[in-house]
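Chain residues, written in single-letter form:
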Amino acid sequence: MTTNAVPLTQRSTLDLIGNTPLVLLKGPSEAAGCEIWGKCEFANPGASVKDRAALWIVRDAEARGELQPGGTVVEGTAGNTGIGIALVANALGYKTVIVMPDNQSKEKMDTLRALGAELVLVPPTKFSDPNHFVHTSRRLAEETQGAVWANQFDNIANRKAHIGSTAPEIWGQMEGRIDGFTCAAGTGGTIAGTGMGLKAFDENVVIALTDPHGAALYSYYAEGELKSEGSSVAEGIGQGRITANLEGAPIDTQFRISDEEGLEWVARLLSEEGLCLGLSSGINVAGAVALGRKLVSEGRPAPRIATILCDTGFRYLSSLYNAEWLASKNLPVFPWLAR
Ligand code: PMP
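Residues numbered from 1 in each chain as written. Predicted model: local features only at pLDDT ≥ 70, side-chain atom pairs only at ≥ 80, totals over all residues. Heavy atoms only, no water.

1. Points about the sheet that holds strand 6 (residues 147-149)
For clarity, the cut-off: Should DSSP find at least two bridges between two strands, the strands are taken to pair. Starting at the N terminus, helices and strands are each numbered in turn, a helix being any DSSP run of H or I of at least four residues and a strand any DSSP run of E of at least two. Only the stretch in contact is used when a helix axis is fitted, and all axes are lines through C-alpha atoms; the angle between N-to-C directions ranges over 0 to 180 degrees. Contacts: residue pairs with any heavy atoms within 4.5 Å of one another.
Within the open sheet, the four strands sit side by side as 5-4-3-6. Their pairing is parallel. This sheet does not close on itself; its edge strands, each paired only once, are strand 5 (118-122) and strand 6. Strand-to-strand, the axes of this sheet are offset by a mean angle of 20°, without reference to chain direction. The strands touched by helix 5 (residues 133-143) within the sheet are strand 3 (72-76), strand 4 (95-101), strand 5 and strand 6, with strand 4 carrying the most contacts at an inclination of about 155°.

Rendered as structure tokens:
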């Protein structure tokens, strides 16, 4: 057992958000030939990295006077932001309305209902369609008395959460000895905010975008053109445009990671290290290994890399951790599920 600086008591449940542990990942470190550290965002009260954005967005709306006592927070989300908003809103006496595409995990829908959020499901469609979940949530907010639209994609209170909390936590936990940081983008809040925050401490920290297939950001940062290739079943990541949160993100390099590579790390982290994670975490870890190898090959002595373990795998028991579901997506089934 080691002691660390995370306080063991908090005066408010909202203070349980953030201050997550950072853990050295053995298999990924061996594969990369350098240290790979994972930020345990599944340890937030809502079990994902999005609790941070939820708290900052709600606090920002309060500070601007938009959110009044008894008001409502409306958001369009793949699920995790909704879960974070519902918890934060409950703690502060607000109501929550969540608009979500109906192809997201059943666990997220059940969780949102269990937390007391009003859930509006819409068919998945392209962003240019006015019925897209993001536009639907904006309209609902406009039509609802006393409601604010969280607008996580283009509200930079989202990335400020990571400038103000994730980055200084990682910097402190790594005692200022960090060579690279990488993660995937959904809204882009995590990569942009953590990247900006870490660069403010040391501009030599290499910030890498890890993009899933089906997203357009890899080609944007590599060639200057938003262009996608292939597809991914990963939830919460995969962006096709430069959101306000991504504007000015200090991306130095980029990797494109397949679902198969991400799943391999999900399987290995579970079976070898006892961590049950979602697929975006596996994709992030694959990206971190790629970044570690790159820095090693460029001659950086003993580089230290950090990435984000975005959410708990318990949120995907009926998908990622289900043999029939994996087979239906032509993805490899974890050996212990096939038994
Ligand atoms: N992983 C998961 C599981 C998520 O729900 C999200 C949020 N959409 C992300 C990663 C990406 O985070 P961000 O929105 O900050 O880019």
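After that view, the rundown keeps rolling.
2. A closer look at the site of the ligand
This is how the line gets drawn: Any residue with a non-hydrogen atom lying within 4 Å of a molecule or strand is treated as near it. Residues adjacent in sequence count toward polar contacts only when both atoms are side-chain atoms; beyond that, a polar contact is any pair of N or O atoms within 3.5 Å, and within protein one must be able to donate a hydrogen and the other to accept it. Lys, Arg, Asp and Glu make up the charged group, whereas Ala, Val, Leu, Ile, Met, Phe, Trp, Tyr, Cys and Pro make up the nonpolar group; the residues left over, Gly among them, are polar.
Lining the immediate environment of the ligand, one finds 15 residues, of which Lys50, Gly186, Thr187, Thr190 and Ser280 sit closest. Thr190 is positioned such that a nitrogen or oxygen atom in its side chain is 2.5 Å from an oxygen atom of the ligand. Taking Gly236, its main chain carries an N or O atom lying 2.7 Å from a nitrogen atom of the ligand. Here the shell around the ligand is composed, by residue class, of four nonpolar, eight polar and three charged.

3. Topic: the packing of helix 2 (residues 50-63) against helix 3 (residues 80-92)
Just so we agree on the cut-off: The scheme is simple: roughly parallel for angles under 35 degrees, roughly antiparallel for over 145, roughly perpendicular for 65 to 115, oblique for anything else. For any helix crossing, the convention is left-handed if the near helix is rotated counterclockwise from the far helix by under a right angle, and right-handed if that rotation is clockwise.
At a minimum axis separation of 8 Å, helix 2 and helix 3 run at an interaxial angle of 50°. Judged by the angle between their axes, helix 2 and helix 3 are oblique. The two elements helix 2 and helix 3 meet at a crossing, and its hand is right-handed. Residues Lys50, Asp51, Ala54, Leu55, Val58, Arg59 and Glu62 of helix 2 lie in contact with helix 3, whose contacting residues are Asn80, Thr81, Gly84, Ile85, Val88 and Leu92. Residue composition of the contact of helix 2 with helix 3, grouped by class: six nonpolar, three polar and four charged.

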